[in-house]
Amino acid sequence: MAEVIRMPRMSDTMEEGNIVSWLKEEGEEVEAGETLAEVETDKATMELDSYFDGVLLHIAVKEGPVPINDVIAVIGEEGEDWKAAIEGASSDNGGADDSSDDSGDEEATAPKEEETSNSPAASASSDNSGSDSDKRIKASPLARSMAKEANIDLAQVNGSGDGGRIVKKDIEEAIEQQQSAPAPQPAPSAPEAPAAQPAPQQEAPAAKVPEFSISASGDNYEDQPISQMRKTIARRLGESKFSAPHFYLTVEINMDNAIKVRKRLNEVAPTKISFNDLVLKACAVALRQHPAINSSWLGDKIRKNKDVNVGVAVAVDEGLLVPVIRFADMKSLSQINTEVKTLAGKAKNRKLSTEEMQGNTFTISNLGMFGIEEFTAIINPPDSCILAVGGIIQKPIVKDGELAVGNMMKVTLSCDHRVVDGATGAAFLNTVKDILEDPIRILV
C-alpha cells in the first residue's frame, strides 16, 4: 500500500512549513532515512527525511507554504495508484486535506462572478455561473496570496504544477503579462499612418528607468511575502507583549573591573572571552540565587525550573533566533564562549536543530555591539524575564568622592508581573551588578 507523506510538525511552534526544494524527483527510489526535501520552518531550514522505502510516486506540492498535516508526497511501489492513496488519506482524515482550499476557491471565484454580472453578456452567462463557481481551482497558498494582492483572477491563470495546480511561478508570469498589457495598444494606429512607426522608438528611453516612475495612484512600494520565522515572531511576541503584564527595571553597572578581568582571562583562556560571555555567566550564577526569576508562566501554574538554561538572542537576516546554553551556571567562561559561537554560527546559517532552541528558562538580548546604550526587550515565552544589555559607554562618574571616567553599561530587566514582583526583579539585578563589578564572584 502506498504511503502518504504529510507535512510534519518540525518545531513546537510550527503551524506550517515552507517547502524550499525537493532533493528527490518523482520516479526515484527512496530509502528510509534519506532526505526528501528541505523545509523552512519558523526557526530554521530543516531536512525532511523519509520513513519508508519505495519509489517517490508523486510530489503534491513542489514549493511554497504547506499547513501541518497536509499531503506533500506519496511513496510506494512502482506503478502503484498514488491517486487512490491520496483519496484514501483524505477520507480517513475527514476531508481535512481539502478544507484548506475551500475559502481560497470562494475568493478566487468571487471576482469572476462580479465581472460576469457587469459584462454585456451577463444574462447569457448567468445560467452557467453556478456550474463555474462549483469548479475547484487548485493553487498553492502563496499563489493565492500573490494573486489577491495583484488583483489577478485565478480562473484566468493556467497552472503549471501537478494536476494544473497554480504555483508562484504562474502568478509571477501573470503579473508580468498584466504589466506589459498596455504596451501593444498603439498597434491599431499603425495601418493609418505608417510614417508614425518610428515614434515609439523615440519614446523608448523613458521605459528604461522604471525606478523613477510612479503609478497612476501615486503609490511606489514593494510587497514582500512574510517568512515562516517572521510569522512566528509576530505571533509569539504579540501574544507575550499583550498578554504578559511587562514592567521594566534598569541598573547601570561599572564595568571597569570586568574589563581588567577579561584582559587577564584572555591571556590564558583557550578562546577569547567576550563581555557577553561575562554577562551570561553572571546572569546564570544570579539565577541560581534567585529561582523566582528562573521560572515560567504556564497559564494554570508557575514552573520553577531547577536547571539554568539561558537563551541568547541572535539576529539573522529574516528575524531572530534564540539558541539555548544549557546548564549555563555550571559551565566555564571558555565553554560558554565556544558554545555561543557555535550556536550563533548555526543560527546565521539556519542550521539549528529543534533541541538547540528549546528549554530556555531565561533570555539575554545584547545590542551593545550596535552602539545601543539602553533598550527594553519583549519577554520570550514561557520565560518570566529577559535581560536587555546595552553597550559599555565611557562617562564621568563620582568615585571615592572624586570625579573620574567610568566604563558604564546599562541593563534593563523585563519582568512578567504574573510571576515576578518588583522587589524580586530588583534583587536579581543587584546580584548581577555585584558580580560584574567584582567578577571574582563568578567563581564562588
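Note: the structure precedes this text.
All of the points below concern the structure found in this document. (Residues numbered from 1 in each chain as written. Predicted model: local features only at pLDDT ≥ 70, side-chain atom pairs only at ≥ 80, totals over all residues. Heavy atoms only, no water.)

**A word on the overall build of the chain**
Alright, step 1. In terms of regular secondary structure, the chain is built from 11 helices and 18 strands.
Alright, step 2. Taking all 444 residues of the chain together, 41% fall into the buried category.
Alright, step 3. In the chain, once contacts between residues fewer than 6 apart in sequence are set aside, the share between residues at least 24 apart is 62%.
Alright, step 4. In the structure as shown, the chain presents an accessible area of about 24600 Å², 51% of it carried by carbon and sulfur atoms. (Helix = DSSP H or I, 4+ residues; strand = E, 2+ residues; numbered from the N terminus. Buried < 20%, exposed > 50% of the residue type's maximum accessible area, 1.4 Å probe, protein only. Contact = heavy atoms within 4.5 Å. Areas by Shrake-Rupley, 256 points an atom, 1.4 Å probe, with all protein chains shown as cover.)

**Regarding the pattern of salt bridges**
Alright, step 1. One pass over the full model with this rule turns up 13 salt bridges.
Alright, step 2. Close ionic contact of Glu-26 with Lys-62 constitutes a salt bridge, the shortest N to O distance being 3.8 Å. With Glu-26 in the loop between strand 2 (16-22) and strand 3 (29-30) and Lys-62 in the loop between strand 6 (54-59) and strand 7 (64-67), this pair connects stretches of sequence that are 36 residues apart.
Alright, step 3. For Glu-26, a relative accessible area of 35% gives the class partly exposed. (Salt bridge = Lys/Arg side-chain N within 4 Å of Asp/Glu carboxyl O.)

**Details of the sheet that holds strand 1 (residues 3-6)**
Alright, step 1. Spatial ordering of the open sheet is given by 1-8-6-3, a layout of 4 strands whose pairing is antiparallel. Of all the strands in the sheet, just strand 1 and strand 3 have a single pairing partner and so form its edges.
Alright, step 2. Taken together, the 2 bridges between strand 3 and strand 6 define a ladder with antiparallel strand orientation. Bridge assignment links Val-30 to a residue of strand 6, and that residue is Gly-54. (Pairing = 2+ DSSP bridges.)

**Structural notes on the nonpolar core**
Alright, step 1. In terms of nonpolar packing, the biggest core is built from 80 residues, with Ile-72, Leu-280, Phe-362, Leu-387, Phe-428 and Leu-436 touching the most fellow members.
Alright, step 2. It is helix 9 (residues 275-289) that provides the largest number of residues to this core, a total of 9 residues.
Alright, step 3. Membership of the second largest hydrophobic core comes to 11 residues, among which are Ala-143, Met-146, Ala-147 and Leu-154. (Core = buried A, V, L, I, M, F, W, Y, C linked by side-chain atoms within 4.5 Å.)

**Topic: helix 7 (residues 228-243)**
Alright, step 1. An ideal rise of 1.5 Å per residue puts 22 Å on 16 residues; helix 7 measures up with 22 Å between its terminal C-alpha atoms.
Alright, step 2. Turning to helix 7, its buried residues are Gln-228, Met-229, Thr-232, Ile-233 and Ser-240. Down the axis of helix 7, the buried side of the element spans an arc of 130°, and every buried residue falls inside it. Facing away from the buried side of helix 7 by more than 90 degrees, the exposed set consists of Ala-234 and Phe-242. (Expected span 1.5 Å × (residues − 1). Arc of directions from axis to C-beta.)

**Looking at the environment of Ser-21**
Alright, step 1. Within the element layout of this structure, Ser-21 appears in strand 2.
Alright, step 2. In this structure the C-alpha to C-alpha distance between Ser-21 and Val-39, which are 18 residues apart in sequence, comes to 7.4 Å.
Alright, step 3. The contact partners of Ser-21, leaving out residues within four places of it in the chain, are Ala-37 and Glu-38.

**A look at the packing of helix 9 against helix 10 (residues 333-348)**
Alright, step 1. Put simply, helix 9 and helix 10 touch, their axes get as near as 10 Å, and they point 115° apart. The two elements helix 9 and helix 10 meet at a crossing, and its hand is right-handed. Note on element contacts: helix 10 touches helix 9 through Leu-333, Ile-336, Asn-337 and Val-340, opposite Asp-277, Leu-278, Leu-280 and Lys-281.
Alright, step 2. Residues of the contact of helix 9 with helix 10, tallied by class, amount to 5 nonpolar, 1 polar and 2 charged. (Axes fitted to C-alpha atoms, helices over the stretch in contact; angles between N-to-C directions. Left-handed = near helix turned anticlockwise from the far one by under 90°. Nonpolar A, V, L, I, M, F, W, Y, C, P; charged D, E, K, R; others polar.)

**Describing the pairing of strand 4 (residues 35-40)**
Alright, step 1. Of the strand pairs in this sheet, strand 2 and strand 4 are connected by 4 bridges, and their pairing is antiparallel. Each bridged residue has a counterpart across the sheet, and for Ile-19 the counterpart in strand 4 is Val-39.
Alright, step 2. Both strand 4 and strand 5 (residues 45-49) contribute to a ladder of 5 bridges, which runs antiparallel. Bridge pairing links Val-39 to Met-46 in strand 5.

**A look at a nonpolar patch on the surface**
Alright, step 1. Residues Met-369, Phe-370 and Ile-372 make up a contiguous nonpolar surface patch of roughly 330 Å² in combined accessible area.
Alright, step 2. One can find Ile-372 in the loop between strand 16 (362-366) and strand 17 (385-399). (Patch = residues over 30% accessible without salt bridge, like charges linked within 9 Å, V, L, I, M, F, W, Y side chains within 5 Å.)

**Some points on the sheet that holds strand 12 (residues 310-312)**
Alright, step 1. The 6 strands lie next to each other as 9-18-17-16-12-15, forming an open sheet whose pairing is mixed. With one partner strand each, in any of the chains shown, strand 9 (246-254) and strand 15 (324-325) form the two edges of the open sheet.
Alright, step 2. Relative to strand 16, strand 12 is paired through 3 bridges, and the arrangement is parallel. Bridge assignment links Val-312 to a residue of strand 16, and that residue is Ile-364.
Alright, step 3. Of the strands in this sheet, strand 9, strand 17 and strand 18 (402-416) touch helix 8 (residues 256-268), which is tilted by about 90° from strand 18.

**Topic: helix 10**
Alright, step 1. Given a rise of 1.5 Å per residue, 16 residues ought to cover 22 Å, and the 22 Å separating the end C-alpha atoms of helix 10 matches this to within 8%.
Alright, step 2. Within helix 10, the full set of buried residues consists of Leu-333, Ser-334, Ile-336, Asn-337, Val-340, Leu-343, Ala-344 and Ala-347.
Alright, step 3. Tucked inside the fold, the buried residues of helix 10 contact helix 8, helix 9, strand 13 (314-316), strand 14 (319-321) and strand 15.

Everything listed is a geometric property; what it means functionally is a separate question.
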